[in-house]
Amino acid sequence: MGWLGNDFVVVDARAGKVRPKPEIIASLADRTSGIGFDQFITIEAASSGADAFMRIDNADGGEVAACGNATRCVATVLMDETGKDKVSIETRAGRLLASAGSEPDTITVDMGVPKFGWQDIPTSEEFADTRYVELQVGPIDNPVLHLPSLVNVGNPHAVFWVDDVDAHDLHLFGSLLENHPVFPERANISLAQVTAPNAIKVRTWERGVGLTRACGTAACAALVCAARTNRAGRAATVSLPGGDLMIRWDNNDHIWMTGPAETDFTGAFDPETGQFSINDAAA
């Protein structure tokens, strides 16, 4: 399944465990030798009354707690299957509620409440104010990037504010920042450019994935951090390389994300061998 250039393999594991080894996931994710994807998603039986549990493995084979775009894809599967216009999805980051959007073929997901405390992000050292953190790239007296805003929206994010997101080589320093010692669980690294009070442009180096055309949690992170630093309001269109996403941070501090999802192909998967057999491909 795909969304704005972000793509996932979604496997239904509710009838039995389907959990390939990390090395198989990493091999499959390779866009040259494998099928190629950003995340490997398994839909599993929920234990808490939700419609399903969503497990998320990144392209490097490591498990993560949250992925906004994958949540939209899983919600689409569950809604198509059940005919419901609302579903609940359990994740390691908590329960997420999804509903049919007001526009055709869109899904809205309640991404929950963001966390700003340094212990919750987490960071390896204490920061009194995570709106601006002393972290930089480049010379001390003339840094290329500095003073990012930090937030956890189910996973850790560092948002660097720039005048032009396309003027910086995120591929050059994305991995370095992702693995910086200040982030004990690594972090998603974004460049954000506020173009209007209700418009933000974002590029993201995703933890365990690399440069990505779309990252839903990064869009959420950029909006709430922009609002916290008085750069934008509490609702905005977030433009990613793959397209636009609507983000709203409501007065109860819940983040709402709205956008499309679509199915690229269906088929069967053998977790032992990592082999796919495609039954149906989208035109």
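The rules behind the values
- Residues numbered from 1 in each chain as written.
- Predicted model: local features only at pLDDT ≥ 70, side-chain atom pairs only at ≥ 80, totals over all residues.
- Heavy atoms only, no water.
- Salt bridge = Lys/Arg side-chain N within 4 Å of Asp/Glu carboxyl O.
- Helix = DSSP H or I, 4+ residues; strand = E, 2+ residues; numbered from the N terminus.
- Buried < 20%, exposed > 50% of the residue type's maximum accessible area, 1.4 Å probe, protein only.
- Polar contact = N/O pair within 3.5 Å; in protein donor to acceptor, adjacent residues only side chain to side chain.
- Contact = heavy atoms within 4.5 Å.
- Arc of directions from axis to C-beta.
- Pairing = 2+ DSSP bridges.
- Phe/Tyr/Trp six-rings, centres within 6.5 Å; stacked < 30°, edge-to-face > 60°.
- Lys NZ or Arg CZ within 6 Å of the ring centre and 35° of its normal.
- Core = buried A, V, L, I, M, F, W, Y, C linked by side-chain atoms within 4.5 Å.

Colleague: Which residues make up the pattern of salt bridges, and what are the values?
Modeller: It is possible for side chains of opposite charge to pair when their charged atoms get near one another. By the definition in use, this model includes twelve salt bridges. Among the salt bridges present, the one from Glu44 reaches Arg55, with a minimum N-O distance of 2.7 Å. With Glu44 in strand β3 (residues 39-44) and Arg55 in strand β4 (residues 52-58), this residue pair connects regions lying eleven residues apart in the sequence. Residue Glu90 is joined to Arg95 by a salt bridge in which the shortest nitrogen-to-oxygen separation is 3.2 Å. You can call Glu90 buried: its relative accessible area is 18%.

Colleague: Explain the side chain of Thr229 to me, and be specific about the residues and the numbers.
Modeller: Residue position: Thr229 is located in the loop between α4 (216-228) and β16 (235-240). Within the structure, Thr229 has its side chain in polar contact with the backbone oxygen of Ala226 (distance 3.4 Å). Setting aside chain neighbours within four positions, we find Thr229 in contact with Arg131, Tyr132, Ser149 and Trp161.

Colleague: Can you lay out helix α3 (residues 170-178) for me, pointing to particular residues and giving the numbers?
Modeller: Restricting attention to buried positions, one finds in α3 the residues Leu170, Phe173, Gly174, Leu177 and Glu178. Here the buried residues of α3 occupy an arc of 140° about the axis, which is enough to place them on one side. Facing away from the buried surface of α3 by more than 90 degrees, the exposed residues are Leu172 and Leu176. Tucked inside the fold, the buried residues of α3 contact β9 (136-137), β10 (145-146), β12 (156-161), β13 (188-196), β14 (199-206) and β15 (210-212).

Colleague: I'd like a description of the pairing of strand β7 (residues 94-100), backed by residues and values.
Modeller: Note: strand β6 (residues 86-91) against β7, six bridges, orientation antiparallel. Each residue of the ladder has a partner; that of Ile89, found in β7, is Leu96. With antiparallel pairing between neighbouring strands as the criterion, β6 and β7 make up a hairpin whose turn holds two residues. In this structure, β7 lies alongside strand β8 (residues 106-110), joined through four bridges in antiparallel fashion.

Colleague: Talk me through the packing of aromatic side chains; I want residue IDs and the actual numbers.
Modeller: Centre distance and the angle of the planes are the two values used to describe a pair of aromatic rings. Taken as a whole, this structure holds two aromatic pairs when the rule is applied. Taken together, a centroid distance of 6.0 Å and an interplanar angle of 55° make the contact between Phe37 and Phe40 tilted. Against the face of Phe116 rests Arg228, its NZ or CZ located 3.9 Å from the ring centre. The aromatic ring of Trp249 is capped on one face by Arg234, whose charged end is 3.9 Å from the ring centroid.

Colleague: How would you summarise the environment of Ala70 if you had to cite specific residues and measurements?
Modeller: With respect to the helices, strands and loops of the structure, Ala70 is situated in helix α2 (residues 68-82). Counting along the chain gives 63 residues from Ala70 to Asp7, while the straight-line C-alpha distance between them is 8.4 Å. If we skip the residues at most four places from it in the chain, Ala70 touches Phe8, Ile41 and Met54.

Colleague: Before we move on, could you go through the environment of Ile140 and cite the residues and values that matter?
Modeller: Structurally, the position occupied by Ile140 is in the loop between β9 and β10. Each C-alpha atom of the pair Ile140 and Glu126 lies 21 Å from the other, and the pair is 14 residues apart in sequence.

Colleague: Describe the nonpolar core, naming the residues involved and giving the relevant values.
Modeller: In this structure, Ile200, Val224, Ile247 and Ile255 are the most contacted members of the largest nonpolar core, which totals 49 residues. Here this core takes nine residues from α4, the largest share from any one element. If we ignore the near neighbours within four places in the chain, the residues touching Ile200 are Ala192, Gln193, Val194, Thr195, Ala222, Leu223, Ala226, Ala232, Ala236, Thr237, Val238 and Ser239. Counting 20 residues, the second largest nonpolar core, distinct from the first, contains Val137, Phe160, Phe173 and Leu191.

Colleague: Can you break down helix α1 (residues 22-29) residue by residue, with the values?
Modeller: Residues of α1 that are buried: Ile24, Ile25, Leu28 and Ala29. All buried residues of α1 fall inside an arc of 130° around its axis, so they share one side.

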